[in-house]
Amino acid sequence: QFLRKYFPLATKEDWNSWEWQLRNSITSWKALQQVLQLSDDEVRAMTVESGNLPLRLTPYYASLLDAVDPLQPLRRSVVPVTAEHLISSGEAADPLGEDSHSRVPGLVHRYPDRVLFLVTGFCSSYCRYCTRSRLVGDQNKRHLNREQWDRALSYIELNPAVRDVLLSGGDPLTLPDDSLEYLLSRLSRIPHVEFVRIGTKVPVVLPQRITHSLVSILKRFRPLWLSIHFTHADEITPESAQACERLADAGI
């Protein structure tokens, strides 16, 4: 019903394509207004008081939002409100203190045996509570190229104490298959790296991305762990279930 109402020229094949979902993502308040009855506060947050973290949500995730209730939990998690811009005592732009432990661009090394590898600054949907809102969605700050990846990978190679690598961002699973294959293959050749983890919300906001071809790539680099970020029970849908089942059935 959502597809027929808001994307009448699209097919079910389009809807089930992760590339189509990204191309047709909602990124402006005017586009969002076609789907939701926006409150005055939501409109103000996206016009008068817009901040660093952009608006983006996939058509799939938009279909899960309540069209009239601005207090619906899923809607609160992705639609800006003016309270985002209130800075209270003790708050910080970098609440996890990552920047001070960044040894090379995109790599955070706080604990001796593990690193956080921020491989992209892009997400298919931007959560309003993001702890990296200072970075994600900004083309100038955190969109690493392969040369920068190689610098981070070289750092890992030269530090044998590092046994655990967490790929994050942004969302690593928004990268093309060949980019993920490159990163995982490079990490798999580093003898002292024992654990590779991927932090992602893609199975929740873009389950169409969990294709058979992607799963076949991930499967080659087991043992591999995915930390999947569900926020609310309403995100558990037949589509997200299928995505998680494909991953689990592949031994991930």
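Here the structure is a predicted model, which is why all the values come from computation and not from measurement.

How should the pattern of salt bridges be read in this particular structure?
Pairing is possible between side chains that carry opposite charge, provided their charged atoms lie close to one another. Scanning all chains against the criterion turns up eleven salt bridges. With a shortest N-O distance of 2.6 Å, Glu84 and Arg128 are connected by a salt bridge. Of this pair, Glu84 sits in the loop between helix 7 (73-78) and strand 1 (102-104) while Arg128 sits in the loop between strand 3 (114-118) and helix 8 (146-157), and the two are 44 residues apart along the sequence. Given the relative accessible area of 27%, Glu84 is considered partly exposed. Among the residues examined, Arg128 registers a relative accessible area of 12% and is labelled buried.

Explain the sheet that holds strand 4 (residues 164-168) here, please?
Two orientations exist for strands paired in a sheet by backbone hydrogen bonds: parallel and antiparallel. Strand order in this open sheet of six strands is 1-2-3-4-5-6, and the pairing throughout is mixed. Unpaired on one side and paired on the other, strand 1 and strand 6 (225-228) mark the two borders of the sheet. Recorded for the sheet is a direction-independent mean angle of 25° between the axes of neighbouring strands. Here strand 4 pairs with strand 5 (residues 195-200) via four bridges, running parallel. Across the sheet, Asp164 pairs through a bridge with Phe195, a residue of strand 5. Sheet strands in contact with helix 9 (residues 177-188) are strand 3, strand 4 and strand 5, and its direction is about 170° off that of strand 4.

Explain the nonpolar core to me, please; I cannot follow it from the model alone.
In a soluble, globular protein the nonpolar side chains are often hidden away together inside. Leu32, Phe117, Ile156 and Val165 are the most contacted members of the largest nonpolar core, which has 68 residues in total. For Phe117, the contacting residues outside a window of four places in its chain are Gly106, Leu107, Trp149, Ala152, Leu153, Ile156, Val165, Leu166, Leu167, Ser168 and Leu183.

When you look at the layout of surface pockets in this model, what are you seeing that I'm missing?
Think of a ball as big as a water molecule: rolled over the atoms, this probe shows where empty space is left. Here the largest pocket defines a volume of roughly 740 Å³. Forming the walls of the largest pocket are 30 residues, and the residues nearest its centre are Leu116, Thr131, Arg132, Ser168 and Gly169. In the lining of the largest pocket, the residues fall into 13 nonpolar, ten polar and seven charged. Of the voids in this model, the second largest pocket is the one considered here, and its volume is about 570 Å³. Residues of the lining of the second largest pocket, tallied by class, amount to nine nonpolar, five polar and five charged.

Is there a simple way to explain helix 11 (residues 212-219) in this structure?
By the burial criterion, the buried members of helix 11 are Leu214, Val215, Ile217 and Leu218. An end-on view of helix 11 places all buried positions within 160° of arc, on one side of the element. On its buried face, helix 11 sits against helix 9, strand 5 and helix 12 (238-249).

Analysis parameters
- Counting restarts for each chain, with residues numbered from 1 along the sequence as it is written.
- Residues qualify for local features only when their pLDDT is at least 70, as the model is predicted, and side-chain atom pairs are given and counted only at 80 or more; totals for whole chains, interfaces and linings, by contrast, use all residues.
- Side-chain numbers come from the whole structure's heavy atoms, not from hydrogens or water.
- When a carboxyl oxygen of Asp or Glu is within 4 Å of a side-chain nitrogen of Lys or Arg, the pair counts as a salt bridge.
- Here a helix means four or more residues in a row that DSSP labels H or I, a strand means two or more in a row labelled E, and each is numbered from the N terminus.
- We call a residue buried when its accessible area falls under 20% of the maximum for its residue type, exposed when it is over 50%, and partly exposed in between, using a 1.4 Å probe and counting protein chains only.
- The criterion for strand pairing is that DSSP finds at least two bridges linking the strands in question.
- Throughout, an axis means a line fitted to C-alpha atoms (over the contacting stretch in the case of helices), and angles, computed between N-to-C directions, take values from 0 to 180 degrees.
- Residues are treated as being in contact if the distance between any of their heavy atoms lies within 4.5 Å.
- Residues grouped as a nonpolar core are buried Ala, Val, Leu, Ile, Met, Phe, Trp, Tyr and Cys residues, joined through side-chain atoms within 4.5 Å.
- Only protein atoms enter the 1 Å grid used here, on which a cavity is any set of points holding a 1.4 Å probe that cannot leave and a pocket is any open set flanked by protein within 12 Å on both sides along at least five of seven lines; residues with an atom within 4 Å of a point are listed as lining.
- Grid points are joined across faces, edges and corners, and a volume is the space filled by probe spheres set on the points.
- Asp, Glu, Lys and Arg are counted as charged, while Ala, Val, Leu, Ile, Met, Phe, Trp, Tyr, Cys and Pro are counted as nonpolar; the rest, among them Gly, fall into the polar class.
- For this quantity, the arc is that covered by the directions from the helix axis to the C-beta atoms.

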